[in-house]
Amino acid sequence: MVKNQVLIEIKATAVNVDDVALLQDAGGGGWFFHARTPTPAAPLVGGMEYAGVVLSVGPSVQHLAPGDRVLGLQDVAFQKMPGTWAERTVAPEPDVVKFPPPPPGAPELTFAQAAATAMAAFVSGDMYERSLPTLAKASSPRVVVVGASGGLGSVLVQLLAANASGGRTGRPHITAVCGTTNVDRMRRLGADEVVDYTKGSFGAAVAAGSVDVVFDFRGGREAERDGRKVLRRGGTFITAVGPMSGVGDRVLTCGEWHSWACGLTCNLCIGACPCSRHGYQMGGGLPPLSAAVFNRVVVDANVRGEVGLELPFTEASVREGVGKVASRHAGGKVVFNMEMARE
């Protein structure tokens, strides 16, 4: 542990599709992010999203102390920080976020909830903020969330339903796109309408030219095509994935990766053109997660990540959790709870 680092006892850690991609060295299609090469002496530990307790601090640490409840996102792609699927990890002090006090009348954030919310606050919070200029121009804003039932999409639905902008724009009408098993859950989280993608595309279910913002957590040309159809002139398509679904599921060929990268660049350029019918933006970014971003979600909007599956930290559970996330049908975040009894 170096001078500005913090040793953290992991209490809960989550699984994301990016974790699976990095572990098989297919992050960004295997052309942009690369995992550190594991060795017997230094194995590759998965995971980047965590919540836990500070055990000790380096001599340069100023704002954290042993016993503090903390959370964060590890930059395992570029800084090659240690993963979080472990009993302990270390992180630089600027990358560690203290647990915020709960909103008045709300229960205290649990470790599992914090681990399930960190990545969603980071990505979905950014996408939400990107949408506000477009939504503010609409008298009766309407949005579509594609992939609404996942760990990221479910937090965005809650942010939109809470009108988390603090009054800068009215609460939008929310259409969530998900599978059959999650229809009722989406309504519970605040969706006004739900499109079951197993019964048809949202491009056919939503009126053409009626939507101000489409949020895309699925990716691919079909989502972009349907998005262009339903967006009003001046609307915005905001994606967390880009023009190819499942990027990171495998190492892409040279042609496939350049097709994705060039398609994304082209969409961004066209969307930024003042004469373009629709805007196009890529949401998210790279860690770390800041306290300001996290607090906007869990304190200001009182939003929590949806835990779809909570498991003890065992080899069998890790295999189960990773497989569930890799299937893209987790129905919320998969969380390893270090405090759950091991059978």
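Report follows, based on the coordinates. (Residues numbered from 1 in each chain as written. Predicted model: local features only at pLDDT ≥ 70, side-chain atom pairs only at ≥ 80, totals over all residues. Heavy atoms only, no water.)

### Details of the pattern of salt bridges
We apply this condition: The salt bridge definition used is simple: a Lys or Arg side-chain nitrogen within 4 Å of an Asp or Glu carboxyl oxygen. Each helix is a run of DSSP H or I of at least 4 residues and each strand a run of E of at least 2, with the numbering of both proceeding from the N terminus.
Overall, the coordinates contain 19 salt bridges when judged by the stated rule. The closest approach of N and O atoms between lysine 98 and aspartate 68, which form a salt bridge, is 4.0 Å. Placement of lysine 98 in strand E5 (residues 96-98) and of aspartate 68 in the loop between strand E2 (49-57) and strand E3 (69-73) is noted, with a sequence separation of 30 residues between them. Measuring nitrogen to oxygen at the nearest pair gives 3.1 Å for the salt bridge that ties glutamate 306 to arginine 188. In this pair, glutamate 306 is assigned in the loop between helix H8 (291-300) and strand E12 (307-311) and arginine 188 in helix H4 (residues 183-189), connecting sequence segments 118 residues apart.

### Things to note about the state of the cysteines
Quick reminder of the rule: Cysteine sulfur atoms that come within 2.5 Å of each other are treated as a disulfide pair.
By the definition in use, this model includes zero disulfides. With no disulfide partner, cysteine 254 has as its closest neighbouring cysteine sulfur the one in cysteine 262, 9.8 Å distant.

### Description of the pairing of strand E6 (residues 142-146)
How we decide: Residue burial is assigned from relative accessible area. The probe radius is 1.4 Å, only protein chains are included, and a residue is buried under 20% of its type maximum, exposed over 50%, and partly exposed in between. Here a strand pair is declared whenever DSSP counts at least two bridges between the two strands.
Of all five residues in E6, four are buried, a share of seventy percent or more. For E6 and strand E7 (residues 173-178), the ladder comprises five bridges, and the chain directions are parallel. Across the sheet, residue valine 145 finds its bridge partner in E7, namely alanine 176. As judged from the four bridges shared by E6 and strand E9 (residues 211-216), these two strands associate in the parallel manner. In the strand pairing of E9, valine 146 is matched with aspartate 216.

### Let's talk about unusual backbone geometry
In this structure, the amide linkage connecting proline 287 to the following residue, proline 288, adopts the cis form with an omega of 15 degrees. With respect to the helices and strands, the residue proline 288 is situated in the loop between strand E11 (279-282) and H8. With a phi angle near 55 degrees, aspartate 25 is a residue other than glycine that sits in the positive phi range. Within the secondary structure, aspartate 25 sits in the loop between helix H1 (17-23) and E2. The backbone of asparagine 302 shows a phi angle near 55 degrees, a positive value even though the residue is not glycine. Looking at the element boundaries, asparagine 302 is found in the loop between H8 and E12. Judged by relative accessible area, asparagine 302 falls into the partly exposed class, the value being 40%.

### Description of the environment of alanine 136
Its location among the elements puts alanine 136 in helix H2 (residues 111-136). Alanine 136 gets classed as partly exposed once you look at its relative accessible area, which sits at 48%. For the pair alanine 136 and glycine 170, spaced 34 residues apart in sequence, the C-alpha separation works out to 7.8 Å.

### Some details on the nonpolar core
Rules: We define a nonpolar core as any set of buried Ala, Val, Leu, Ile, Met, Phe, Trp, Tyr and Cys residues linked to one another through side-chain atoms lying within 4.5 Å. The contact criterion used throughout is that any non-hydrogen atoms of two residues lie within 4.5 Å.
In this structure, Leu71, Val145, Leu160, Met186, Phe215 and Leu289 are the most contacted members of the largest nonpolar core, which totals 57 residues. Among the elements that line this core, the one with the most residues is H2, at 15 residues. In this view, valine 145 contacts Gly153, Leu156, Val157, Leu160, Ile174, Thr175, Ala176, Val177, Phe215 and Phe217; residues no more than four positions away in its chain are not counted. Counting residues in each nonpolar core, the second largest holds 21 residues, with Val54, Val70, Trp85 and Met338 among its members.

### So, the packing of H2 against helix H3 (residues 151-161)
The line we're drawing: In this description, a line fitted to the C-alpha atoms serves as the axis of each element, helices being fitted only across the stretch in contact, and the angle between N-to-C directions of two axes falls anywhere from 0 to 180 degrees. These descriptions rest on fixed angle ranges, namely under 35 degrees for roughly parallel, over 145 for roughly antiparallel, 65 to 115 for roughly perpendicular, and the rest for oblique. Here a crossing is called left-handed whenever its near helix is offset anticlockwise from the far helix by less than a right angle, and right-handed whenever the offset is clockwise. Each residue is assigned to one class: nonpolar for Ala, Val, Leu, Ile, Met, Phe, Trp, Tyr, Cys and Pro, charged for Asp, Glu, Lys and Arg, and polar for all the others, Gly among them.
The contact between H2 and H3 brings their axes to 9 Å, and the two run at 50 degrees. Taken together, the axes of H2 and H3 are oblique relative to one another. At the point where H2 passes H3, the crossing takes the right-handed sense. Between H2 and H3, the residues in contact are Met119, Ala120, Val123, Ser124, Gly125 and Tyr128 and Gly151, Leu152, Gly153, Val155, Leu156, Leu159 and Leu160, respectively. Looking at the contact of H2 with H3 residue by residue, the class counts come to nine nonpolar, four polar and no charged.

Structural measurements only, silent on function.
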